[in-house]
Amino acid sequence: MNKLFISFVLLSFSVSLMACGGNDEPIPEKTDEITRVQDGNGKVFLENGVLVAANIDFTAAELNEALTEHEWYFDYRFIYDNHKVSPKMDLSNNYPTNIHVDGTIEYRNFQVEEGKIRDYSIKGKEMTVIARHNVYSSLYIPNSTFVIIALDMINGEGRMIMDKPLSAEPIEGYDANSTYVRSIWRTTPNN
């Protein structure tokens with residue numbers, strides 16, 4: 001009788017554990033929802049999340065003309081992640097300062113002379129920057145890719161907006177996995 005009672009208690013306990021312990025519902029995947037302002041409908045966001053009108057539907061021909069007929073000068077940069085947009089920021093010497101009509105991009109403030117002038121190529125809306133390597137140098141500069149978000153040209157004056165994932169040290173208060181650098185470029189009519 002004692003064995004029958006113990007078996008009954010163990011069976012009851014096992015059934016109650018199976019009923020309470022399992023989780024039949026799938027665990028939802030964690031997604032990092034974008035809660036900041038976003039580009040779209042002919043607008044892009046600038047520093048502090050301010051939306052401005054911009055040409056985000058430019059053509060390859062318009063981009064080619066803008067890059068081969070105009071010198072471009074860096075104006076300012078800021079960062080953003082999926083949740084917030086910074087004010088204008090100084091982000092060190094590792095970003096370009098000039099885009100030239102000869103297919104080169106200049107990093108005027110780069111510490112080493114060999115890394116100051118680099119070549120670039122365009123594929124769609126991506127600009128890939130390629131360092132010129134001297135076979136006798138120990139300097140290694142990886143390629144960089146920028147996405148051209150908007151291009152506005154009116155009577156020879158222009159604004160170009162480009163994004164690149166933040167590749168430097170994480171910045172406090174921003175998610176390192178979703179932080180981008182947005183660069184604003186300007187050009188003026190050729191004289």
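Residues numbered from 1 in each chain as written. Predicted model: local features only at pLDDT ≥ 70, side-chain atom pairs only at ≥ 80, totals over all residues. Heavy atoms only, no water.

Chemist: Tell me what's going on with the overall build of the chain, and back it up with residues and numbers.
Modeler: When helices and strands are counted, the chain shows 2 helices and 10 strands. Ordered by position from N to C terminus, the α and β elements of the chain give α-β-β-α-β-β-β-β-β-β-β-β. Out of the 191 residues in the chain, the part that is buried amounts to 36%. Looking at the chain alone, contacts between residues at least 24 apart form 52% of all its contacts between residues at least 6 apart. Summed over all atoms, the accessible surface of the chain reaches about 12400 Å², with 54% contributed by carbon and sulfur. (Helix = DSSP H or I, 4+ residues; strand = E, 2+ residues; numbered from the N terminus. Buried < 20%, exposed > 50% of the residue type's maximum accessible area, 1.4 Å probe, protein only. Contact = heavy atoms within 4.5 Å. Areas by Shrake-Rupley, 256 points an atom, 1.4 Å probe, with all protein chains shown as cover.)

Chemist: So, the pattern of salt bridges: which residues are in play, and what are the values?
Modeler: For the structure on display, the rule yields 6 salt bridges. The partner of Asp-75 in a salt bridge is Arg-186, and the shortest N-O contact between them spans 3.0 Å. Taken together, the residues span a long stretch of sequence, with Asp-75 in strand 3 (residues 72-80) and Arg-186 in strand 10 (residues 180-187) at a distance of 111 residues. Accessibility expressed as a relative area gives 36% for Asp-75, which makes it partly exposed. On the basis of relative accessible area, Arg-186 is assigned to the partly exposed category, the value being 35%. When the shortest N-O distance is used, the salt bridge between Glu-106 and Arg-108 registers 3.4 Å. According to the relative accessible area criterion, Glu-106 is buried, its value standing at 14%. What you see here is one network of salt bridges that share partners, running through Asp-39, Asp-163 and Arg-182. (Salt bridge = Lys/Arg side-chain N within 4 Å of Asp/Glu carboxyl O.)

Chemist: Any chance you could break down the packing of aromatic side chains for me, citing the residues and the numbers?
Modeler: The geometry of an aromatic ring pair is captured by the separation of the ring centres together with the interplanar angle, meaning the angle of the planes. This structure, assessed with the given rule, holds 5 aromatic pairs. One aromatic cluster is present, built from ring pairs that chain together Phe-45, Tyr-76, Phe-78, Tyr-80 and Tyr-180. A cation over an aromatic ring shows up here: Lys-84 above the ring of Tyr-174, its NZ or CZ 4.6 Å from the ring centre. The ring of Phe-45 is capped by Arg-182, whose NZ or CZ atom sits 4.1 Å from the centre of that ring. (Phe/Tyr/Trp six-rings, centres within 6.5 Å; stacked < 30°, edge-to-face > 60°. Lys NZ or Arg CZ within 6 Å of the ring centre and 35° of its normal.)

Chemist: Any details on the side chain of Arg-118? Residues and values, ideally.
Modeler: Locating Arg-118 in the fold gives a position in strand 6 (residues 117-123). Of the side chains with opposite charge, Asp-119 lies nearest to the buried Arg-118, which makes no salt bridge, at 9.7 Å. Among the polar contacts made by the side chain of Arg-118, one reaches the main-chain carbonyl oxygen of Gly-115 at a distance of 2.8 Å. The residues touching Arg-118, leaving out its near neighbours within four places in the chain, are Gly-103, Thr-104, Ile-105, Tyr-107, Phe-110, Val-129, Ile-130, Ala-131 and Ile-141. (Lys, Arg positive; Asp, Glu negative; His and termini not counted. Polar contact = N/O pair within 3.5 Å; in protein donor to acceptor, adjacent residues only side chain to side chain.)

Chemist: Go over the nonpolar core, please, and point to the residues and values.
Modeler: Counting residues in hydrophobic clusters, the biggest one holds 20 residues, and the most contacted among them are Leu-67, Trp-72, Ile-99, Met-127, Met-160 and Met-162. One finds Val-44, Ile-56, Val-85 and Ile-184 within the second-largest nonpolar core, a separate group that totals 13 residues. (Core = buried A, V, L, I, M, F, W, Y, C linked by side-chain atoms within 4.5 Å.)

Chemist: Describe the sheet that holds strand 9 (residues 157-165), and please don't skip the residues or the numbers.
Modeler: Strand order in the closed barrel formed by 8 strands is 3-4-5-6-7-8-9-10, with antiparallel pairing between adjacent strands. Two elements, strand 5 (residues 104-106) and strand 6, share 3 bridges in a ladder whose sense is antiparallel. Looking at the pairing, Glu-106 lines up with Ile-117 of strand 6. Across the face of the sheet, helix 2 (residues 60-69) comes into contact with strand 3, strand 4 (98-99), strand 6, strand 7 (126-131), strand 8 (144-154) and strand 9 while running at roughly 90° to strand 8. (Pairing = 2+ DSSP bridges. Axes fitted to C-alpha atoms, helices over the stretch in contact; angles between N-to-C directions.)

Chemist: Hey, could you go over unusual backbone geometry for me, with residue numbers and the actual values?
Modeler: Its identity as a non-glycine residue notwithstanding, Asn-48 has a phi of 60°, on the positive side. The residue Asn-48 is located in the loop between strand 1 (43-45) and strand 2 (51-53) in this model. Even without glycine at this site, Asn-155 takes up a positive phi of about 50°. Secondary-structure assignment places Asn-155 in the loop between strand 8 and strand 9.

Chemist: Please give an account of the side chain of His-100 that cites residues and values.
Modeler: Here His-100 lies in the loop between strand 4 and strand 5. Residue His-100 is classed as buried on the basis of its relative accessible area of 16%. Beyond its immediate chain neighbours, meaning those up to four positions away, His-100 contacts Leu-67, Glu-71, Glu-106 and Tyr-120.

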